[in-house]
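# Results of the structural survey
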Amino acid sequence: MAEQQAMPDVAGWFGAHRRSEDRVQRCARLRAALEAVHTEIHDVTHDNWSSVLLQVAVGKGLRQILIGAGTPHGAQLQACQTKALQLIPYEQPIDTWQDLLFDGVDASLTLARGAVAETGSLILWPTPSEPRLMSLVPSIHFVLLDEDTIHEDFYAAMTAESWSEGMPTNALLICGPSKTADIQQTLAYGAHGPKELVVLLRHADGRQA
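A short tour of the structure in this document, coming up. Since we're looking at a predicted model, the values are computed, not measured.

On to the layout of surface pockets. For the largest pocket, the calculated volume is near 210 Å³. In terms of lining, the largest pocket is formed by 15 residues, of which the most central are L111, W125, P126, T127 and E130. The residue makeup of the lining of the largest pocket, split by class, is seven nonpolar, five polar and three charged.

Here's what the structure looks like:
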């Protein structure tokens, strides 16, 4: 019988290489990585994030925002919506309204499960209420991210959230707006997804990063 090889000590390696960072430092590192790839970030609180989102949307001249059906953050946004902006819940099968989704919706809002400071990545787990298309089709993607869910690295995220106990069909890591470049290295945004990524970084108890 062949000798069984020892499994690598993944936890030991990450433990030895882990940074000693607090909440403020993780927020700062995530922000720097996201802003380096043209992500727009707004510091918000639990009380004002919805009004900030609406102000940003009006400033961008948006007409509609797609929201998850039956989500607490969707309901909070609906509670303060204005006549200038239509909020559209994602509550129909795609084949009944795909023309509106692909050609008539300006932006979407989804909630991030967390983030990875090391790589500047937002973690999204699509659900029936907020399916994958919400972060893929509209030209502008708003993401609501709680500061307390920012992890130091990918391993820390997986272990802290017990990913091994159950994962969705799709687990998304978003590192900025969609972009591509041709052979002449001309960069274009929005080629394969949203051309703008707007992060609402929600701080607890009014704290700021």
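Next comes the rest of the description.
As summarised here, the arrangement of the four strands in space is β8-β5-β6-β9, forming an open sheet in which the pairing is mixed. Here the strands that pair on one side only, and so sit at the sheet edges, are β8 (150-151) and β9 (172-174). Pairing analysis gives three bridges linking strand β6 (residues 121-124) to β9, with the strands arranged antiparallel. When the bridges of β9 are listed, I123 appears paired with L173.

A separate point is the nonpolar core. Within the largest apolar cluster, 20 residues are counted, with the highest numbers of intra-cluster contacts made by W49, L53, I65, L77, L109 and F142. Within the residue set of this core, elements represented by two or more residues are α3 (49-59), β2 (64-68), β4 (107-111), β7 (140-146) and β12 (196-203). Of all the elements, α3 adds the most residues to this core, at six residues. In contact with L53, not counting residues within four places along its chain, are I65, L77, L109, F142 and L200.

Let us look at helix α2 (residues 23-35). Taking 1.5 Å as the rise per residue, α2 with 13 residues should run 18 Å; its terminal C-alpha atoms sit 18 Å apart, in good agreement. The complete set of buried residues in α2 reads R23, C27, R29, L30, R31 and L34. Buried-residue contacts for α2 involve β1 (40-45), β5 (114-116), β6, β7, β8 and β12. Its side-chain oxygen at 3.2 Å from the backbone nitrogen of V24, D22 defines the N-terminal cap of α2.

For the rest of this paragraph, the subject is the environment of C80. By the element assignment, C80 lies in the loop between α4 (72-78) and β3 (86-90). Note: C-alpha distance between C80 and S50 (30 residues apart in sequence) is 7.3 Å. Beyond its immediate chain neighbours, meaning those up to four positions away, C80 contacts S50, S51 and L54.

Further remarks concern empty space enclosed by the protein. Inspection of the entire model under this criterion finds one cavity of 30 Å³ or more. Space inside the largest cavity adds up to approximately 30 Å³. The set of elements that each furnish at least two residues to the lining of the largest cavity consists of α2 and β12. Per-element tally for the lining of the largest cavity: the top contributor is α2, with four residues. Looking at side-chain class alone, the lining of the largest cavity contains seven nonpolar, no polar and one charged residues.

The next subject is the sheet that holds β12. Here we have six strands laid out as an open sheet, ordered β1-β12-β7-β4-β2-β3, and parallel in their pairing. The open sheet has two edge strands, β1 and β3, and neither has a second partner. Adjacent strand axes in the sheet meet at a mean angle of 25 degrees when their direction is disregarded. Relative to β12, β1 runs parallel, the two being bridged by six bridges. Paired with V44 across the two strands is R202, which belongs to β12. Sheet contacts for α2: β1, β7 and β12; angle to β1, the most-contacted strand, approximately 150 degrees. Each of β1, β2, β4, β7 and β12 touches α3; the most contacted strand, β1, lies at about 145 degrees to it.

In this section: unusual backbone geometry. Even without glycine at this site, H38 takes up a positive phi of about 70 degrees. Its place among the elements puts H38 in the loop between α2 and β1. Even without being glycine, S162 reaches a positive phi, approximately 55 degrees. Counting through the fold element by element, S162 comes out in the loop between α6 (154-160) and β9.

Procedures and definitions
Residues numbered from 1 in each chain as written. Predicted model: local features only at pLDDT ≥ 70, side-chain atom pairs only at ≥ 80, totals over all residues. Heavy atoms only, no water. 1 Å grid on protein atoms, 1.4 Å probe; cavity = no way out; pocket = protein on both sides within 12 Å on 5 of 7 lines; lining within 4 Å. Points joined across faces, edges and corners; volume = space filled by probe spheres on them. Nonpolar A, V, L, I, M, F, W, Y, C, P; charged D, E, K, R; others polar. Pairing = 2+ DSSP bridges. Helix = DSSP H or I, 4+ residues; strand = E, 2+ residues; numbered from the N terminus. Core = buried A, V, L, I, M, F, W, Y, C linked by side-chain atoms within 4.5 Å. Buried < 20%, exposed > 50% of the residue type's maximum accessible area, 1.4 Å probe, protein only. Contact = heavy atoms within 4.5 Å. Expected span 1.5 Å × (residues − 1). Polar contact = N/O pair within 3.5 Å; in protein donor to acceptor, adjacent residues only side chain to side chain. Axes fitted to C-alpha atoms, helices over the stretch in contact; angles between N-to-C directions.

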